[in-house]
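# Fold and contact review
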Amino acid sequence: MGSMAKYRKIKRHKIKYTRHRKKNSVLKTVLFIILLGVLVFLAYSVAGPIKKLFTGELTTSDTSSVSSVTSDSPSSDIVSDTSSAVVPSETETLKAITMPTDTILDAAKQDAFLSEAKAKGYQAVLVELKDDSGMIYFRSSVSAINGDKAIAENAVSAETLAKKLQDAGMVPVAAVHTFKDKTAPDKTKDNTFMVKNSTYTWFDRAASDGGKPWLNPYKESARNYNLTIVEDLAKAGFKEIILKSVHFPEINSMNKAQLDTSVSISEILNQYVASAQAAAAKYHAKIAVSYNAVGYWSEKKVTYGGEAGSIKADAIAPVIRIADYGNKLTFGETVIESPQQNINAAVKAVIAQIQAKTAGQKPDIIPIIASGQNTDEIVKALAEAGINSYVVE
């Protein structure tokens, strides 16, 4: 009987074990079906975005709603409004006309100017918003740095002006003088040149002879002052910003001035240009540096510290004024007598000089045609030299 009892126990145990295995198998099957359903749902949900990501669609329309929610500052709104305006592509030409200062400051004159410019085939308008005296013609945020002494009494809104140009189908281009500035220099703000071993501000010549102070490129406060102006204009919607007077005073010696010797003159100017390009790029704007074209001519150095060709920039805007070359223009073995009577050859030689001096950089060249010359003849010569972008003063 003992063995029979044992036999029954084994039999019952076996039956219970078999039923337990069947229940586990059914449970696993149900869980597998549920998991499979979840995976199918997730795959279907992310298939669309993944496809857009690899095709590039996700970077435009799908992200715009996110940026519009997270960008809630007034400046963000301005950038958003201007981003769809007419902007030249990398290969598109830029043919610009300069708007006179009195027209910049008088909205009533702007419509007639823009209509005439468009009728003449211009695609862009240049406005000089900081002149070589340091006067600023738009309501810049530098007033928080230096007060309102440099802001013109009837200064305009940069945002409004840029939008008006864009609405007229024109690319807005701004020009600003940089270190040639007699208004902002202030020794209490440590932004100007000082006379050696003194507490006096250095002037480029005697005050009685019309001498003036300058912003000192070695001073961080001077550089930041100008960078603020650049960023203001880029944020306002100006797509091209031309920097003028990115140089030291136009004299042969600064022996009486206290100068930093830690870096060279060209190095500190190149640092500033690089910073300006970075500040503008935050708002998808570009920088061009402007010097007189004669500054690239090896026979005539026009600014303290060397030739214009030592300054590196993505784009340059040399001012072409044939009279600057006098009675003879020499470039290599090319000699042009009376350049003003031989404009075509003279302009081509000038462009060749500039290209040779900037061969290592290969910047975009956007010449500024100085006023009082035969503009049509110069434009024709530029085109024959392969230069189709320009600004007419």
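Nothing here was measured: the structure is a model prediction, and the numbers come from that model.

## With respect to the packing of aromatic side chains
Under the counting rule described, the total for this entry stands at four aromatic pairs. Centre to centre, the rings of Tyr-218 and Phe-248 are 5.6 Å apart; their planes meet at 70 degrees, and the pair counts as edge-to-face. On the criterion of sequence distance, the pair formed by Tyr-218 in the loop between strand E5 (171-177) and helix H8 (220-236) and Phe-248 in the loop between strand E6 (240-244) and helix H9 (265-281) is long-range, its members being 30 residues apart. The burial state of Tyr-218 is the same as that of Phe-248; both residues are buried. A connected cluster of aromatic rings, assembled from ring pairs, spans Phe-193, Trp-202, Tyr-218 and Phe-248.

## Some words on the confidence of the model for the protein chain
Do not read the predicted coordinates in detail wherever pLDDT is low. Per-chain confidence: the protein chain averages 82 in pLDDT, with 74% of residues scoring 70 or above. Confidence drops under a pLDDT of 50 for residues 1-23, and excluding neighbours within four residues, the segment shows zero contacts in the predicted structure. Note that pLDDT drops below 50 for residues 46-91; the model gives that stretch 30 contacts with residues more than four away or on any other chain.

## A look at the pairing of strand E11 (residues 334-337)
Across four bridges, strand E10 (residues 328-331) lies against E11 in antiparallel orientation. Counted as the bridge partner of Thr-330 is Val-335 from E11. Taking the residues that link successive antiparallel strands as the turn, the E10-E11 hairpin has two residues, and the phi of Gly-332 there is positive, at about 65 degrees.

Conventions and cut-offs
- Residues numbered from 1 in each chain as written.
- Predicted model: local features only at pLDDT ≥ 70, side-chain atom pairs only at ≥ 80, totals over all residues.
- Heavy atoms only, no water.
- Phe/Tyr/Trp six-rings, centres within 6.5 Å; stacked < 30°, edge-to-face > 60°.
- Helix = DSSP H or I, 4+ residues; strand = E, 2+ residues; numbered from the N terminus.
- Buried < 20%, exposed > 50% of the residue type's maximum accessible area, 1.4 Å probe, protein only.
- pLDDT = per-residue confidence, 0-100.
- Contact = heavy atoms within 4.5 Å.
- Pairing = 2+ DSSP bridges.

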